[in-house]
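# Inside the fold
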Amino acid sequence: MSDIPAQGFRRATEETKGVQVLLILGVVACMTLLLFAPLIAVFSAALADGAVAAVQSLGNADARSAIVLTLTVTAIAVPLNAAFGIAAAWAITKFEFRGKAFLITLIDLPFSVSPVVAGLCLVLLFGANSLIGGWLVAQGNPIIFALPGIVLATMFITFPFVARELIPVMIEQGKAEEEAALTLGAGGWRVFLTVTLPNIRWALLYGVLLCNARAMGEFGAVAVVSGKIRGQTATMPITIEMLYNEYLSVAAFSMAALLALLALVTLALKTALEWRYADQLAATHRH
Amino acid sequence: MHIDIDEISKEFGVTAALHPVSLAIPSGALVALLGPSGSGKTTLLRILGGLEFPTAGRVLFDGADATNLSVQDRRAGFVFQSYALFRHMTVFENIAYGLRARAKAARPSSPEIARRVTKLLDLIQLPQIGDRYPTQLSGGQRQRVALARALAIEPRMLLLDEPFGALDAKVRKELRQGLRDIHDTTGLTTVFVTHDQEEAMELADLVVVMSMGRIEQVGKPEDVRARPKTQFVREFISA
């Protein structure tokens, strides 16, 4: 250690300029190959027969039904999972109770279980041959091969995203601010709305955006429970697969490009919000 | 308001944080709960504030049983160890929080809230900082804002958890006098927790020395110093 000068700053990197440039180029090359190239490939395949053909392929009844179905499922699943995620993170981080470790494991379950297995479990539970499913079909409200099943499968797969994003933030913040609000006379609900929620809003936003992206893109579990009925229970990812298997590559890639575009819009939205509220972010994150 | 602690005990699971303790705090006193970490002093303070509830025993405010009174109904001005200011609110909003949280009938009008916040900012001698966020304040300023926020609810007593713990020595000395002044101006019964015997001796009218969930000695600073009751007190105050 004697060769380190006692005073003055040490440079953060000691590699020569050449090595630095080489490393940076390597990273850029990897990013291009793994992230940008596939995206460009999807869009160029979609536009292979021109923009008109791409847009037309999205205009037929089945394609429109798939888009509406995916947006509907997302619109139901994401707010519900946001609410459940907040509730779970709140319980885990602000209270002590028996079985907390078990609950945390349970929240992670969808990450470790294969989506296909999750889908099959839902079929076993709610399918026409099961006790509950048989009754529900008799009532005219089937779950499997219908919208409720797709929503349930999507919710199961995307359940951890919001809670996982919130838990570390809420642990770090502790519960002193909530307790302070209580001593100032605020009730539980008011404390949640005026103290807890504003403190977690950025983590919540990230969680919801991740959850949203995953919900729109979910394939495995939904494929099992939806029955892939064209124009009825085929979501966007499932429609993409069916079109691709039928060698309708322009239609398949147009739908894929639209799905990618929806994901990009959410990312852009997040960036815009971050940019818009940069001051606030800095003020609340510094400590 | 005088506070009576009557045979209070507190267990967390199998560990006892407080063995039955009793203590009478006269109205308007400035009391220090003094002891090392793990002595139960913070637990006792939190029980007074309604943030914890005792396993057994009673708390009396002005002779009336307050053991099961909710934290909101206690009207205890509480200053937390690291102040727990609301980080997403300005200093003004922080101080106004308790007034705005009141039920509609008891809530002051907006101009009245502004007037009271301004008055409190004057009291803590920081009249210009209403628009700042907590992160833009020094440690000493944060402590005073936390004090103003606690005072805004017109509390019946003031409870402070290690109010000087996070400050450097110079600011600590200044703010000790600040707390003394505010106590003398408001006349509020004030209880603060500290592990610093010098701070307790210098600031408090009454020192309560605690160890391992028990009260070792209660007395005026000079009496505790002159006549330590137990071996523990003797060693702790000479440290």
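This one's a predicted model, so the numbers in the text were calculated from it and none came from an experiment. (Residues numbered from 1 in each chain as written. Chains lettered and ligands numbered in written order. Predicted model: local features only at pLDDT ≥ 70, side-chain atom pairs only at ≥ 80, totals over all residues. Heavy atoms only, no water.)

## Things to note about the sheet that holds strand β9 (residues 206–211) of chain B
Residues and elements named next belong to chain B. Spatial ordering of the open sheet is given by β6-β7-β8-β3-β9-β10, a layout of 6 strands whose pairing is mixed. Each edge of the sheet is formed by a strand with only one pairing partner; in this case those strands are β6 (76–79) and β10 (214–219). Here the average twist between neighbouring strands, direction ignored, is 15°. In this sheet, β9 lies alongside strand β3 (residues 30–34) in parallel orientation, the contact comprising 4 bridges. Paired with Leu33 across the bridge in β9 is Val208. Sitting on the sheet, helix α5 (residues 139–152) touches β6 and β7 (157–161), and the angle it makes with β6 is about 165°. (Pairing = 2+ DSSP bridges. Helix = DSSP H or I, 4+ residues; strand = E, 2+ residues; numbered from the N terminus. Axes fitted to C-alpha atoms, helices over the stretch in contact; angles between N-to-C directions. Contact = heavy atoms within 4.5 Å.)

## Examining the confidence of the model for chain A
Chain-level statistics for chain A give a pLDDT mean of 89 and a share of 93% at 70 or above. Per-residue pLDDT, averaged within each element of chain A, yields its smallest value for helix α13 (residues 278–285) of chain A (64) and its largest for helix α8 (residues 176–183) of chain A (95). (pLDDT = per-residue confidence, 0-100.)

## Overview of the pattern of salt bridges
All names here are of chain B. Counted according to the given criterion, the structure contains 23 salt bridges over all chains. Ionic pairing is found between Glu112 and Arg115, a salt bridge with its closest N-O pair at 3.2 Å. In this pair, Glu112 and Arg115 both sit in helix α4 (residues 110–123), 3 residues apart, roughly one turn of the helix. For Arg115, a relative accessible area of 46% corresponds to the partly exposed category. Arg172 is paired through a salt bridge with Glu199; the nearest N and O atoms lie 3.8 Å apart. Residue Arg172 is found in helix α6 (residues 169–186), and its partner Glu199 is found in helix α7 (residues 197–203); the two are separated by 27 residues along the sequence. Exposure remark for Glu199: the relative accessible area of 1% places this residue in the buried category. It is possible to trace a salt-bridge network through shared partners that takes in Arg172, Arg176, Asp196, Glu198, Glu199 and Glu202. (Salt bridge = Lys/Arg side-chain N within 4 Å of Asp/Glu carboxyl O. Buried < 20%, exposed > 50% of the residue type's maximum accessible area, 1.4 Å probe, protein only.)

## A short note on helix α11 (residues 236–245) of chain A
All names here are of chain A. In terms of burial, α11 is largely enclosed, as 7 of its 10 residues are buried. All of the buried residues along α11 are Met236, Pro237, Ile238, Thr239, Ile240, Met242 and Leu243. Buried positions along α11 lie against α3 (61–94), α9 (188–217), α10 (220–226) and α12 (249–276). Downstream of α11 by a residue or two, Tyr247 has a phi angle that is positive, lying close to 60°.

## Brief notes about the domain arrangement of chain A
Residue and element names in this part refer to chain A. For chain A, the assigned domains read domain 1 (15–46) and domain 2 (51–285). Centre-to-centre separation of domain 1 and domain 2, based on C-alpha positions: 30 Å. Buried surface at the junction of domain 1 and domain 2, summed over both partners, amounts to about 560 Å²; 85% is from carbon and sulfur atoms. The three residues of domain 1 that bury the most area against domain 2 are Val42, Phe43 and Ala46, which together make up 71% of that side's buried surface. Scanning the region where domain 1 abuts domain 2 turns up 0 salt bridges. At the surface where domain 1 touches domain 2, the tally comes to 0 residue pairs in polar contact (both at pLDDT 80 or more). A breakdown of the residues in the side of domain 1 that touches domain 2 according to their chemical character gives 5 nonpolar, no polar and no charged. (Domains from an automatic or database assignment. Buried area = accessible area lost by both parts, 1.4 Å probe. Polar contact = N/O pair within 3.5 Å; in protein donor to acceptor, adjacent residues only side chain to side chain. Nonpolar A, V, L, I, M, F, W, Y, C, P; charged D, E, K, R; others polar.)

## Some words on the packing of aromatic side chains
Taken as a whole and assessed by the stated rule, the structure comprises 8 aromatic pairs over all chains. For the pair Trp189(A) and Phe192(A), a centre-to-centre distance of 5.7 Å together with 20° between the ring planes defines the contact as stacked. In this pair, Trp189(A) and Phe192(A) are both assigned in helix α9, 3 residues apart and thus about one turn of the helix distant. On the basis of relative accessibility, which here comes to 14%, the residue Phe192(A) falls in the buried class. Site record: aromatic cluster; members linked through ring pairs are Trp90(A), Phe95(A), Trp189(A) and Phe192(A). Sitting over the face of the ring of Phe86(B), Arg149(B) holds its NZ or CZ atom 4.6 Å from the ring centroid. (Phe/Tyr/Trp six-rings, centres within 6.5 Å; stacked < 30°, edge-to-face > 60°. Lys NZ or Arg CZ within 6 Å of the ring centre and 35° of its normal.)

## Things to note about the interface of chain A and chain B
Facing the 24 residues of chain A at the interface are 21 residues of chain B. Of the roughly 2,200 Å² buried between chain A and chain B on both sides combined, carbon and sulfur atoms contribute 57%. Among the residues of chain A in contact with chain B, Glu177(A), Thr183(A) and Leu184(A) are the three that bury the most area, contributing 31% of the side total. Summed over the shared surface of chain A and chain B, the result is 2 salt bridges. Mapped onto the side of chain A that touches chain B, the elements with two or more residues apiece are α8, α9 and α13 of chain A. The leading source of residues in the side of chain A that touches chain B is α9(A), at 8 residues. Tallied by class, residues from the side of chain A that touches chain B come to 10 nonpolar, 9 polar and 5 charged.

## Examining the side chain of Ser39(B)
Here Ser39(B) is to be found in the loop between β3 and α1 (41–49). Of note is the side chain of Ser39(B), whose polar atom sits 2.8 Å from the backbone oxygen of Pro36(B).

## Overview of the confidence of the model for chain B
When pLDDT is averaged along chain B, the result is 94, and 100% of the positions lie at 70 or above. The ipTM, which scores confidence in the relative placement of chains, is 0.93 for this predicted complex, and the corresponding pTM is 0.83.

## Looking at the sheet that holds strand β4 (residues 56–61) of chain B
All names here are of chain B. Taken in spatial order, the 4 strands make up an open sheet running β2-β1-β4-β5, and their pairing is antiparallel. Across the chains shown, the open sheet's two edge strands, defined by having one partner strand only, are β2 (15–25) and β5 (64–65). The pairing of strand β1 (residues 3–12) with β4 spans 5 bridges and is antiparallel. Residue pairing across strands places Ile3 opposite Phe61, the latter belonging to β4. Across the face of the sheet, α1 comes into contact with β1, β2 and β4 while running at roughly 115° to β1.

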